[in-house]
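# Summary of structural features
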Amino acid sequence: MLPLPIRVLRDAVIVMLFIVLGGWVGQAPYASDAADPLFVDAFRAVFGTIGFAVGGYLAPSKRPLQMTLTLLVIWLMAGLTIALGGGHAAGWFMVLVFLPIMAILGGGLALLVERLARE
């Protein structure tokens, strides 16, 4: 079993990859046109929730702690992206509103899948 910091970083990378994938899927229908930001954000939220579900499913124990730490790491990674010129500070604080919702829904989905797998 991996130590907690490694598991948290693994889960943060998984969730971020899913969020990026959601952004790509959300922009795909627009081809070279300007994509609707709300449409893209909706896909990022759905894919981020799936990413949290995958991370929660991989958590062998202490799932709430691991998912909370993963959420904080993702929030700090988003802050680093903004610091490097990839967005606005207001967006960073808005992410803090939606990340817990995605983590709770993803954790519930992971728990559901885990219980269905046991049956």
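Look above for the structure.
Residues numbered from 1 in each chain as written. Predicted model: local features only at pLDDT ≥ 70, side-chain atom pairs only at ≥ 80, totals over all residues. Heavy atoms only, no water.

## Section: empty space enclosed by the protein
The final tally for this structure, using the stated rule, is 1 cavity of 30 Å³ or more. Volume-wise, the largest cavity comes out at about 30 Å³. Every residue lining the largest cavity is listed: D11, V15, F52, G55, G56, Q66, M67 and T70. Elements with a minimum of two residues in the lining of the largest cavity: α1 (4–27), α2 (37–58) and α3 (63–83). Each residue belonging to the lining of the largest cavity can be placed in one class, and the counts come to 3 nonpolar, 4 polar and 1 charged. (1 Å grid on protein atoms, 1.4 Å probe; cavity = no way out; pocket = protein on both sides within 12 Å on 5 of 7 lines; lining within 4 Å. Points joined across faces, edges and corners; volume = space filled by probe spheres on them. Helix = DSSP H or I, 4+ residues; strand = E, 2+ residues; numbered from the N terminus. Nonpolar A, V, L, I, M, F, W, Y, C, P; charged D, E, K, R; others polar.)

## Quick look at the nonpolar core
One finds A12, V15, I19, F52, M67, L71, I74, W75, L99, M102 and A103 forming the largest nonpolar core, which totals 11 residues. Mapped by element, the contributors of at least two residues to this core are α1, α3 and α4 (89–118). It is α3 that provides the largest number of residues to this core, a total of 4 residues. Excluding its chain neighbours within four sequence positions, the residues that come into contact with L71 are F52, L99, P100 and A103. (Core = buried A, V, L, I, M, F, W, Y, C linked by side-chain atoms within 4.5 Å. Buried < 20%, exposed > 50% of the residue type's maximum accessible area, 1.4 Å probe, protein only. Contact = heavy atoms within 4.5 Å.)

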